[in-house]
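So the chains spell out like this:
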Number of protein chains: 2
Amino acid sequence: MHYLDHAATTPIVPEAKAALLAFLDGDFGNPASVHAYGRAARRGVEDAREQVAAAIGASPAEITFTAGGTEADNLAIKGVGTKLGGNGNHVVTSAFEHHAVLHSVEHLQDGGFQVTVVEVGSDGLVDPRRIGDAVRRDTILVSVMAVNNEIGTVQDMAAIVAAAKDANRSTLVHSDAVQALGNIPVDVHRLGVDLASFSAHKLGGAKGVGALFVRSGVPVAAQLHGGGHERGLRSGTLNTPGVAAFGAAAEVAAEEVHAKSERLLKLRDRLLEGVRAAVPDVVVNGTLDARVPGNLNVSFPGASGETLLLLLDAAGIACSSGSACQSGALDPSHVLLAIGLPPRLADASIRFSLGRASSEEDVRAVLDALPEAVERARKAA
Amino acid sequence: MHYLDHAATTPIVPEAKAALLAFLDGDFGNPASVHAYGRAARRGVEDAREQVAAAIGASPAEITFTAGGTEADNLAIKGVGTKLGGNGNHVVTSAFEHHAVLHSVEHLQDGGFQVTVVEVGSDGLVDPRRIGDAVRRDTILVSVMAVNNEIGTVQDMAAIVAAAKDANRSTLVHSDAVQALGNIPVDVHRLGVDLASFSAHKLGGAKGVGALFVRSGVPVAAQLHGGGHERGLRSGTLNTPGVAAFGAAAEVAAEEVHAKSERLLKLRDRLLEGVRAAVPDVVVNGTLDARVPGNLNVSFPGASGETLLLLLDAAGIACSSGSACQSGALDPSHVLLAIGLPPRLADASIRFSLGRASSEEDVRAVLDALPEAVERARKAA
């Protein structure tokens, strides 16, 4: 089997697995307990908080652990909405955000907020000027993802933050950076964002853990109520093994990002070259100029992406069509529609996403199987 | 070290660890993915859903996986509040609920709901008649925990449900059953509850996973918005390894509950006997007649529970004073105050909670260390 779906989830890296196991049945205590078992677990959590903070250029007190990227997005958007609703009730986001952002924003809208959804260019980039134009006196929050999960385009977050803050000094900026960490260098303070969401299983950690970066002093209301964990911001017993694994994975991801990028870029370009040679009318979705190295999202006119996905799967190749998080839904991808693809081409899309373990053999396997798969998918359509 | 804090968290059982590892780096796919990796992960999730359902007498479609007991409580209470707020805005709960319930109910109160907090008897039991008396025409929800986390008292949930439904047929009943599963047999349909919360790490599973039982047809609004996982009720990539471990742990817990109960009851009684012999003026908090077998919550008049906890910890014994989820907070336990203990005695409390791995050696170690610890704690006070 050849796994080319790293944007959906990644295999756990050995360092993260070791950290997870150390807290799974060795130091298994509840990190809220006072006794030795609790202290050992707490140390694991705080070490991981330092590792995650270091990986994104934050300080440990700015990291709140969650159950994943979706919860981090919900906490950021609803948490700021709850806290700052009195200051203004306008929120700005983009048309191709992850559903965790779009539906959290819709939740605010149901509660009386006004929402401006900024259009995305056909290159898959959000124009900072559009953000600046959308921000008003009553805009409390802008949310734009750092890296799109389907097409891998990398936003100029620093320019987006600058445009938002130029329009309104007190507007906060959140970024879903779930697809950024591990794929590109991330420094939240250099980007200037006030809040950023991360997910461990996208970067070699385990599923069920994420984090929200909240810049010191930024007000966020808790969305999970209970024992007051995470300084009152997120109640619930911490998933110590998962948190420890996240810390280890974040450290590895930050260390390896440059070397990995270089390697994956070459593989990705070889893949693209081969795809173009095999299917000359293939369409690349989103610019290649500002894109995470491992992503290739392409449409094969006249073929159904879903059919192609199944044919490639039968040939031992795992990739994705549309967003994995939306699987089962056969609606055309809202991301591809947002960058202006006609539904016919959006439906014909396939996402290959390479990662740490990807090899030339994986690329070769795709190129071996693709011509026949595309031909069969076109005949079936 | 002797671990007598199973109500805070439990070591993972071998069956659960094996299930977790199988989905950690073997079948590591995203369960929402269409390809073979995704299908294998999805099978793991659905097998676990069947196991958890079977362990509590529910059907698989009635199980929604969450990140833990706290999230399940939040989802039940806010989810029903959001959905049924139009039918009435009154909620009933008890004074000694877990903070995840109490603070979720307070969140509804902040949103305009009326709340009746029913008193708890000095025996640690909620009188079903009080529930019946509190339920009104506009009561949409009653939430009473099946087993108290600090004193281990077991509520007569069937009678509580009957009293609530007799007063108002359309009132829904939720129960935080986090401390029930694995400690007593649980059958949600026999109890008659409409919603019930569970946590994997309290019964030999891993941290970071829980479940909400929602009886078929009961309306609940999602609290985490995003990709529409869990039939739209709880978005976010499922923690497949944790979910698989939960399934295995729930199966083991249900199988072993009778034999384990019998064994732990004997150990607990031996512990109580020894404690009474060593410290004759010890006070047992809550009735012994309706209590999970492994729980012993006692107060040592004239000693600080916190000091005792630290002295026992130094002697290699892990136990708890007040709720582990509230650790760091030195306020007297709201549970012990709710059953009528004066703050002085509430502050003097220690909870021993035995579990699957507890042995006679553990009990002996406590009894060896306790007399000196109590004496020193009393002198220090």
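Residues numbered from 1 in each chain as written. Chains lettered and ligands numbered in written order. Predicted model: local features only at pLDDT ≥ 70, side-chain atom pairs only at ≥ 80, totals over all residues. Heavy atoms only, no water.

A. Local environment of the overall build of chain A. Within chain A, the secondary structure is distributed over 12 helices and 12 strands. The principal-axis extents of the C-alpha atoms in chain A amount to approximately 65 × 55 × 35 Å. Counting all 381 residues of chain A, 64% fall into the buried class. Summarising the internal contacts of chain A: among those between residues at least 6 apart in sequence, 74% fall at separations of at least 24. (Helix = DSSP H or I, 4+ residues; strand = E, 2+ residues; numbered from the N terminus. Buried < 20%, exposed > 50% of the residue type's maximum accessible area, 1.4 Å probe, protein only. Contact = heavy atoms within 4.5 Å.)

B. A look at the side chain of Ser321(B). Residue and element names in this part refer to chain B. With respect to the helices and strands, Ser-321 occurs in the loop between strand 11 (317-318) and helix 10 (334-338). Separated by 3.4 Å, the side chains of Ser-321 and Glu-306 make a polar contact. Ignoring any residue separated from it by four or fewer positions in sequence, one finds Ser-321 in contact with Gly-305, Glu-306, Leu-309, Ser-349 and Ile-350. (Polar contact = N/O pair within 3.5 Å; in protein donor to acceptor, adjacent residues only side chain to side chain.)

C. Broad picture of the relation of the copies chain B and chain A. Under the fitted operation, chain B is carried onto chain A by 0.0 Å of movement along the axis and a turn of 180°, and the coordinates agree to an RMSD of 0.0 Å. The transformation relating the two chain copies, once decomposed into turn and shift, fits a two-fold axis. (Least-squares fit on C-alpha atoms with pLDDT ≥ 70 in both.)

D. The arrangement of the pairing of strand 3 (residues 90-94) of chain B in detail. All names here are of chain B. With 5 of 5 residues buried, strand 3 is to be regarded as a mostly interior element. Relative to strand 4 (residues 114-118), strand 3 is paired through 5 bridges, and the arrangement is parallel. If you follow His-90 over to strand 4, its bridge partner there is Gln-114. Bridge analysis of strand 3 against strand 5 (residues 139-143) gives 4 bridges, and the strand direction is parallel. (Pairing = 2+ DSSP bridges.)

E. The arrangement of the layout of surface pockets in detail. Reported here for the largest pocket is a volume of approximately 770 Å³. His107(A), Gln223(A), Lys78(B), His107(B) and Gln223(B) are the residues nearest the centre of the largest pocket, which is lined by 30 residues in total. Mapped onto the lining of the largest pocket, the elements with two or more residues apiece are helix 3 (69-84) and helix 4 (99-110) of chain A together with helix 3 (69-84) and helix 4 (99-110) of chain B. Looking at side-chain class alone, the lining of the largest pocket contains 10 nonpolar, 14 polar and 6 charged residues. (1 Å grid on protein atoms, 1.4 Å probe; cavity = no way out; pocket = protein on both sides within 12 Å on 5 of 7 lines; lining within 4 Å. Points joined across faces, edges and corners; volume = space filled by probe spheres on them. Nonpolar A, V, L, I, M, F, W, Y, C, P; charged D, E, K, R; others polar.)

F. Spotlight on the pairing of strand 10 (residues 295-299) of chain A. All names here are of chain A. The element strand 10 is extensively covered by neighbouring structure, given that 5 of its 5 residues are classed as buried. Of the two faces of strand 10, both are covered, the one formed by Asn-295, Asn-297 and Ser-299 as well as the one formed by Leu-296 and Val-298. Where strand 9 (residues 283-284) meets strand 10, 2 bridges bridge the pair, whose relative direction is antiparallel. Bridged to Val-283 within strand 10 is Ser-299. The pairing of strand 10 with strand 12 (residues 349-353) spans 5 bridges and is classified as antiparallel. Among the inter-strand pairings, Asn-295 is bridged to a residue of strand 12, identified as Ser-353.

G. Region of interest: the interface of chain B and chain A. On the chain A side, the residues contacting the 63 residues of chain B number 63 residues. Of the roughly 4800 Å² buried between chain B and chain A, counting both surfaces, carbon and sulfur atoms make up 62%. Of all residues in chain B, Phe28(B), Lys207(B) and His225(B) bury the most surface against chain A, accounting for 14% of the area lost on that side. The interface formed by chain B and chain A includes 4 salt bridges. For the salt bridge of Asp313(B) with Arg39(A), the shortest nitrogen-to-oxygen distance reads 2.8 Å. Put simply, chain B and chain A have 22 residue pairs in polar contact (both at pLDDT 80 or more) between them. Looking at the side of chain B that touches chain A, the elements that each hand over two or more residues are strand 1 (2-3), helix 1 (14-26), helix 2 (36-56), helix 3, helix 4 and helix 9 (305-314) of chain B. (Buried area = accessible area lost by both parts, 1.4 Å probe. Salt bridge = Lys/Arg side-chain N within 4 Å of Asp/Glu carboxyl O.)

H. Just the sheet that holds strand 9 (residues 283-284) of chain B, in detail. A sheet is described by the order of its strands in space; here 3 strands give the open sequence 9-10-12 (chain B), paired in antiparallel fashion. Unpaired on one side and paired on the other, strand 9 and strand 12 (349-353) of chain B mark the two borders of the sheet.

I. Layout of the domain arrangement of chain A. Residue and element names in this part refer to chain A. For chain A, the domain assignment lists domain 1 (2-8 + 258-380) and domain 2 (14-252). Inter-centroid distance (C-alpha atoms) of domain 1 to domain 2 is 28 Å. Across the contact, 26 residues belong to domain 1 and 30 residues belong to domain 2. On inspection of domain 1 and its partner domain 2, the count reaches 0 salt bridges. The tally of links from domain 1 across to domain 2 stands at 14 residue pairs in polar contact (both at pLDDT 80 or more). Looking at which element gives the most residues to the side of domain 1 that touches domain 2, the answer is helix 10 (residues 334-338), with 4 residues. Looking at the side of domain 1 that touches domain 2 residue by residue, the classes come out as 10 nonpolar, 12 polar and 4 charged. (Domains from an automatic or database assignment.)

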